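Below, each chain spelled out in residue letters.
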Amino acid sequence: MACTDSDSGGIDSGLLCPYPFGKSASLRYANYTVTVYEARTAAMVGKAHIEARDTCPLTAAVYGPQPVVYAVPSAQQYRDALGSFVNRR
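Nothing here was measured: the structure is a model prediction, and the numbers come from that model.

Trainee: Help me understand the state of the cysteines in this model?
Mentor: One covalent bond between the sulfur atoms of two cysteine residues makes up a disulfide. Enumeration over the complete set of coordinates arrives at one disulfide. For Cys17, the disulfide goes to Cys56, at an S-S distance of 2.0 Å. On the sign convention where negative is left-handed, the bridge of Cys17 and Cys56, at about -85 degrees about the S-S bond, is left-handed. Residue Cys17 is found in strand E1 (residues 2-19), and its partner Cys56 is found in the loop between strand E3 (44-52) and strand E4 (68-70); the two are separated by 39 residues along the sequence. Accessibility expressed as a relative area gives 25% for Cys56, which makes it partly exposed.

This is the structure in structure tokens:
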């Protein structure tokens, strides 16, 4: 089992994430820690770090004059981060 926590973020990427109804939001970089646990015992197995840079969230509440969203890890980033934990003995 794995849990993802946001470490930090905030630097503007210079990119915009488009959302329905003509809305968009400024994309900011974000860093994440993925903590892996053994499902049977809940013992922590290890941690991995992901730097999300250019993946817009699929959905977001886009309100206000200058909305902001934070980059999310891509599926490939999760595969790369969790790969070393798969089939470990």
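Trainee: Looking at this model, I keep getting lost on the environment of Val69. Mind explaining?
Mentor: Relative to the helices and strands, Val69 resides in strand E4. For Val69 and Arg28, which are 41 residues apart along the polypeptide, the C-alpha to C-alpha distance reads 6.2 Å. Not counting residues up to four positions away in its chain, the partners in contact with Val69 are Cys17, Tyr19, Ala25, Ser26, Leu27, Arg28, Pro57 and Ala60.

Trainee: Hey, could you run me through the pattern of salt bridges in this one?
Mentor: Oppositely charged side chains may form a pair once their charged atoms are brought near each other. Taken as a whole, this structure holds one salt bridge when the rule is applied. Across the pair Arg53 and Glu51 runs a salt bridge whose closest N-O atoms are separated by 3.6 Å. We classify Arg53 as partly exposed; its relative accessible area is 29%.

Trainee: Would you mind showing me how to read the nonpolar core here?
Mentor: One recurring pattern in soluble globular proteins is that nonpolar side chains are buried together. Cys17, Tyr19, Leu27, Tyr32, Ile50 and Val69 are the most contacted members of the largest nonpolar core, which totals 16 residues. Counting only elements with at least two residues in this core, the list comes to E1, strand E2 (23-37) and E3. Ranked by residues supplied to this core, first place goes to E2 with six residues. Not counting chain neighbours up to four residues away, the residues in contact with Cys17 comprise Lys23, Ser24, Ala25, Leu27, Cys56, Pro57 and Val69.

Trainee: Could you clarify how one ought to interpret unusual backbone geometry in this entry?
Mentor: Note: most residues except glycine have negative phi, and most peptide bonds are trans. One non-glycine residue, Phe21, adopts positive backbone phi at about 65 degrees. Looking at where Phe21 falls in the secondary structure, it is placed in the loop between E1 and E2.

What counts, and where the lines are drawn
Residues numbered from 1 in each chain as written. Predicted model: local features only at pLDDT ≥ 70, side-chain atom pairs only at ≥ 80, totals over all residues. Heavy atoms only, no water. Disulfide = S-S within 2.5 Å. Helix = DSSP H or I, 4+ residues; strand = E, 2+ residues; numbered from the N terminus. Buried < 20%, exposed > 50% of the residue type's maximum accessible area, 1.4 Å probe, protein only. Contact = heavy atoms within 4.5 Å. Salt bridge = Lys/Arg side-chain N within 4 Å of Asp/Glu carboxyl O. Core = buried A, V, L, I, M, F, W, Y, C linked by side-chain atoms within 4.5 Å.

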